[in-house]
Amino acid sequence: MSDRTEYVPPKVWTWDKESGGRFASINRPVAGATHEKPLPVGRHPLQLYSLGTPNGQKVTILLEELLALGHAGAEYDAWLIRIGDGDQFGSGFVEANPNSKIPALVDRSGATPVRVFESGAILTYLAEKFGAFLPTEPAARAETLSWLFWQMGSAPFLGGGFGHFYAYAPTKFEYPINRYAMEAKRQLDVLDRRLAEHEFVAGSAYTIADMAIWPWYGGVVKGWLYEAAEFLDVQSYRNVLRWADQVLARPAVQRGRKVNRLTGDPADQLHERHDAGDFDTKTQDKVGGTQG
């Protein structure tokens with residue numbers, strides 16, 4: 001029998017201490033800017049403010065795919081937002097994304113800048129802007145958007161649920177780990193069954209649904225997230241593994257995965273991206289543009 005005292009929630013919750021864990025310093029119960037800090041602006045139409053986490057990789061992968069198709073208007077500056085340092089709470093970033101989460105995009109190609117935040121919204125905006133990776137036929141479009149929003153709704157249970165309690169929480173507890181491991185495996189099974197019948201998630205074509213889902217679920221089965229591959233028995237999801245390798249083989253995906261990345265092999269990190277040549281020169285801390 002456990003001698004642990006059961007937690008009794010107060011009638012009114014108050015924030016009197018950090019929650020603990022790896023990301024405790026960036027969590028708070030209020031929104032808004034904490035300091036003045038304008039965002040830098042480079043020379044390209046698209047300005048991305050991000051970090052190479054799974055959510056950030058979605059957008060850089062799409063941008064690199066668009067450039068690979070020859071869409072010159074998709075050239076972009078990718079500025080690093082160091083969330084551990086609180087960059088997302090600077091006044092400029094909060095203006096671009098009041099939710100203070102990466103990624104945020106500002107499209108300066110028109111007379112008036114357009115801000116877009118939330119990764120799914122950015123993927124849809126760019127796919128529509130350039131007419132690529134989002135089918136126009138109604139049924140195919142609906143299928144693609146359904147899987148895109150599946151990812152948006154499901155990944156918090158994988159990351160904030162399973163990933164947090166399994167890898168980042170200051171103390172490990174059986175109940176939340178079991179609860180979210182069960183959900184993570186259910187989601188992998190959903191994908192595995194789908195990919196048993198289709199080459200890509202939304203069907204026969206590679207779309208923004210794959211770009212959204214791959215950094216999260218491809219990352220899990222490739223062993224890149226939470227050091228949980230063995231725990232989740234990812235080898236049993238053979239169709240997800242096949243798809244994960246197929247997507248990874250794309251050069252644009254390999255490039256997009258490097259942008260704004262701060263972890264892993266230094267050869268796979270490009271802290272800022274202002275030109276296609278940056279992948280070759282590896283100018284990790286290159287600064288371009290002006291403050292504004």
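Structural notes, computed from the coordinates. (Residues numbered from 1 in each chain as written. Predicted model: local features only at pLDDT ≥ 70, side-chain atom pairs only at ≥ 80, totals over all residues. Heavy atoms only, no water.)

## Observations regarding the sheet that holds strand β5 (residues 114–117)
- Strand order in the open sheet formed by four strands is β3-β2-β4-β5, and the pairing between neighbours is mixed. The two strands at the open ends of the sheet, each matched to only one other strand, are β3 (76–80) and β5. Recorded for the sheet is a direction-independent mean angle of 20° between the axes of neighbouring strands.
- Two strands pair when backbone bridges link them, and strand β4 (residues 104–107) and β5 are joined in this way by four bridges, in the antiparallel orientation. Of the residues in β5, the one forming a bridge with Asp107 is Val114.
- Across the sheet, helix α1 (residues 54–68) touches β2 (46–50) and β3, and the angle it forms with β2 is around 150°. (Pairing = 2+ DSSP bridges. Helix = DSSP H or I, 4+ residues; strand = E, 2+ residues; numbered from the N terminus. Axes fitted to C-alpha atoms, helices over the stretch in contact; angles between N-to-C directions. Contact = heavy atoms within 4.5 Å.)

## Here's the deal with helix α3 (residues 119–130)
- With 12 residues, α3 should reach 16 Å at 1.5 Å per residue; the first-to-last C-alpha distance of 17 Å fits that figure.
- All buried positions along α3 are accounted for by Ser119, Gly120, Ile122, Leu123, Thr124, Leu126, Ala127 and Phe130.
- Close packing links the buried residues of α3 with β2, α1, β4, β5, α4 (138–168) and α6 (208–221).
- Looking one or two residues beyond α3, the residue adopting positive phi is Gly131, at roughly 60°. (Expected span 1.5 Å × (residues − 1). Buried < 20%, exposed > 50% of the residue type's maximum accessible area, 1.4 Å probe, protein only.)

## A word on the packing of α3 against α4
- Their axes nearest at 10 Å, the elements α3 and α4 cross at an angle of 155°. The angle between α3 and α4 places the two elements in the roughly antiparallel class. As α3 packs across α4, the resulting crossing turns out to be right-handed. Of α4, the residues touching α3 (which contributes Ser119, Gly120, Leu123, Thr124 and Glu128) are Arg141, Leu145, Leu148 and Met152. (Parallel < 35°, antiparallel > 145°, perpendicular 65-115°, else oblique. Left-handed = near helix turned anticlockwise from the far one by under 90°.)

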